[in-house]
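The residues making up each chain are set out below.
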Amino acid sequence: MSIPKRVAVIGAGSMGSQAMWRLAAHGAEVVGYDRYAPGHDRGAAGGESRIFRAAHLGEPGYIPLLRLADELWGQLEAETGRSLRRHGGSLVMGEADSPAMRLLLSTSAAHGLDHEVLDRDALARRYPQHLLPDGHTAVLDRLGAVIRPEASVQAAATRAEQLGAQLRRYTPVREVVPAAGGGVQIVTDHGTDHVDAAVVTVGPWVNTLLPDLPRTVDVRRVVCSWHLPTRHDWFAGGAPSFVRSTPHDCFGIPSPDGISVKLGLSFARHLPVPEPERLDRTVRPDELGTFHELIRELMPDLNPDPIRMSAYMEGYTNSGNPLVGHLPGEDDIIVMTGFSGSGFKLSPAMGEIAADLALDGHTDHPVDFLAPAGTGAA
Ligand SMILES: Cc1cc2nc3c(=O)[nH]c(=O)nc-3n(C[C@H](O)[C@H](O)[C@H](O)COP(=O)(O)OP(=O)(O)OC[C@H]3O[C@@H](n4cnc5c(N)ncnc54)[C@H](O)[C@@H]3O)c2cc1C
């Protein structure tokens, strides 16, 4: 019988918890480390909801990865008995003639994604919560769902532990160093562990742990704002999550408790985070301005006074594509970071790919366009 590979997963957040699950499921001896504990809200995974959508604006290369993620989300729910996604579709709205909307439509058609185009009148009848400006269109992605991020991270980490993984909570890793005779040294305040391979999934902390990444990961503070509807029937007839590109680049998700709607803005509105451990989690009243504008212009049946505002953080790359693969020149160190505001839906697929890369050295899943040493462009 062959000896199982010992693999460290550094950062048991969105990607790391799934990597631990998939590695343990493939028979690895897994040691996970997190500076906090699974399900915390100090990084990229907080805020109670995430959008899953198959119709991805901009990059058809994600479609096979989204299909893999879809399958594995179902498997994680089945193995844990937890309900992690609420199905109900997802809307994408934008200018009908924009290159992004055209690409979304052609990709959805080419890949046979279950979707429906809604013009302004059809949207007003079906989803009167939203106003659509002249010349804009909506696409309903029927595979769309809302994911519960904290529950998902905890479910994946717990499942990994049931399968034999160890998790060192409240244990920040200080250094990841290639070992002289092969393998990797993991340095914490409690000592140094030796493993065969390491998967680094520290999200917005990546520049602290790996300051020499081949591509820049720009860490930004992302503010979300929760609003109550002013009409009792706002949720009647279904209220899918949504993404809008113009005139306000934003996203929204009816909250899982069914009483409010969470809104968030796009990259251009996010402030830089120079030091992740000192993320400013206090949201000032003047940060509400853009939320007020978009409510007034696009969703006037939401109360502009929020019932909650919270700040999170995320790493962004220039291309918007994450870095996924071996660190250049390092056969035993795999990095997954820079998910640029849209990685959560992919996280189980990233876990499976991490397991392939750590255990076999390669993956058959199509992630070459995300290679850390590449340009990050498709
Ligand atoms: C507000 C917001 C809304 C979003 N909405 C969506 C959406 O609707 N749909 C979607 O698909 N994506 C969305 N995203 C993006 C998605 O949530 C992120 O891409 C994803 O969570 C990134 O996961 P990660 O594993 O890289 O980081 P994290 O989930 O932050 O995990 C990093 C982990 O590493 C740990 N860690 C850090 N440093 C160390 C260390 N030195 N040693 C040990 N542990 C360490 C941290 O404690 C943390 O647990 C959103 C992001 C934000 C911020």
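Residues numbered from 1 in each chain as written. Predicted model: local features only at pLDDT ≥ 70, side-chain atom pairs only at ≥ 80, totals over all residues. Heavy atoms only, no water.

Caption draft 1: Molecular detail of helix α8 (residues 347–360). Here α8 spans 20 Å end to end across 14 residues, near enough to the 20 Å set by a 1.5 Å rise per residue. Within α8, 12 of the 14 residues are buried, which leaves the element mostly enclosed by the surrounding structure. Residues of α8 that are buried: Ser-347, Pro-348, Ala-349, Met-350, Gly-351, Glu-352, Ile-353, Ala-354, Ala-355, Asp-356, Leu-357 and Ala-358. Along its buried surface, α8 packs onto β1 (6–10), α1 (14–25), α2 (63–80), β13 (197–200), β20 (323–326) and β21 (333–337). Backbone geometry just after α8 places Gly-361 at a positive phi near 85 degrees. (Helix = DSSP H or I, 4+ residues; strand = E, 2+ residues; numbered from the N terminus. Expected span 1.5 Å × (residues − 1). Buried < 20%, exposed > 50% of the residue type's maximum accessible area, 1.4 Å probe, protein only. Contact = heavy atoms within 4.5 Å.)

Caption draft 2: Geometry of the site of the ligand. What surrounds the ligand is a group of 35 residues, the closest being Ser-14, Asp-34, Ile-51, Val-173 and Glu-314. Note that an oxygen atom of the ligand is positioned 2.7 Å from one of the backbone N or O atoms of Ile-51. A distance of 2.9 Å separates an oxygen atom of the ligand from a polar atom in the backbone of Lys-345. Protein chains shield 98% of the accessible area of the ligand, which is 1,000 Å² for the free molecule. When contributions to the shell around the ligand are tallied by element, the ones reaching two or more residues are α1, β3 (50–52), β14 (218–227) and β19 (308–316). (Near = heavy atom within 4 Å. Polar contact = N/O pair within 3.5 Å; in protein donor to acceptor, adjacent residues only side chain to side chain. Areas by Shrake-Rupley, 256 points an atom, 1.4 Å probe, with all protein chains shown as cover.)

Caption draft 3: The arrangement of the pairing of strand β7 (residues 136–141) in detail. A large share of β7 lies buried, amounting to six of its six residues. Of the two faces of β7, the one lined by His-136, Ala-138 and Leu-140 and the one lined by Thr-137, Val-139 and Asp-141 are each fully buried. In this sheet, β7 lies alongside strand β6 (residues 115–118) in antiparallel orientation, the contact comprising four bridges. Residue pairing across strands places Val-117 opposite Val-139, the latter belonging to β7. (Pairing = 2+ DSSP bridges.)

Caption draft 4: Geometry of the packing of α2 against α8. Between α2 and α8, the shortest axis-to-axis distance is 7 Å and the interhelical angle comes to 95 degrees. In this view, α2 runs roughly perpendicular relative to α8, as classed from their interaxial angle. Side by side, α2 and α8 meet where Leu-65, Leu-68, Ala-69, Leu-72 and Trp-73 of the first sit next to Ser-347, Pro-348, Ala-349, Met-350, Glu-352 and Ile-353 of the second. Residue composition of the contact of α2 with α8, by class: nine nonpolar, one polar and one charged. (Axes fitted to C-alpha atoms, helices over the stretch in contact; angles between N-to-C directions. Parallel < 35°, antiparallel > 145°, perpendicular 65-115°, else oblique. Nonpolar A, V, L, I, M, F, W, Y, C, P; charged D, E, K, R; others polar.)

Caption draft 5: Molecular detail of the side chain of Arg-85. Relative to the helices and strands, Arg-85 resides in strand β4 (residues 85–87). Side-chain polar atoms of Arg-85 contact the side chain of Asp-70, separated by 2.8 Å. Residues contacting Arg-85, with those up to four places away along its chain left out, are Phe-52, Asp-70, Trp-73, Gly-74, Glu-77, Ala-145, Val-146 and Ile-147.

Caption draft 6: The pattern of salt bridges, seen in detail. Going through the model one piece at a time under the given rule, you end up with 20 salt bridges. Between Glu-29 and Arg-6 there is a salt bridge, with the nearest N and O atoms lying 2.9 Å from each other. Of this pair, Glu-29 sits in strand β2 (residues 29–33) while Arg-6 sits in strand β1, and the two are 23 residues apart along the sequence. In the salt-bridge network here, residues are joined through shared partners; they are Asp-114, Glu-116, Arg-126 and Arg-142. (Salt bridge = Lys/Arg side-chain N within 4 Å of Asp/Glu carboxyl O.)

Caption draft 7: Molecular detail of the sheet that holds strand β11 (residues 184–188). Judged by pairing direction, the sheet is antiparallel, and its three strands sit side by side in the order β10-β11-β12 without closing on themselves. Looking at strand neighbours, the two that pair on one side only are β10 (173–178) and β12 (191–195), the edges of this open sheet. Sheet twist, expressed as the average angle between the axes of neighbouring strands with direction ignored, equals 20 degrees.

Caption draft 8: Examining the environment of Gly-43 more closely. Within the fold, Gly-43 resides in the loop between β2 and β3. A relative accessible area of 2% means that Gly-43 is categorised as buried. If we skip the residues at most four places from it in the chain, Gly-43 touches Pro-204, Trp-205, Tyr-312 and Met-313.

Caption draft 9: Region of interest: the domain arrangement of the chain. Partitioning the chain into structural domains gives domain 1 (6–50 + 149–216 + 319–370) and domain 2 (87–147 + 218–316). In this structure, domain 1 and domain 2 have C-alpha centres spaced 29 Å apart. On the side of domain 2, 20 residues touch domain 1, which itself brings 25 residues to the contact. Both sides of the domain 1 and domain 2 interface together cover about 1,800 Å² of buried area, and 49% of this is carbon and sulfur. Among the residues domain 1 hides against domain 2, the three largest losses belong to Glu-48, Arg-50 and Pro-204. Together they make up 29% of the total. Counting the contacts that link domain 1 with domain 2 gives three salt bridges. Between Glu-48 and Arg-308 there is a salt bridge, with the nearest N and O atoms lying 3.7 Å from each other. (Domains from an automatic or database assignment. Buried area = accessible area lost by both parts, 1.4 Å probe.)

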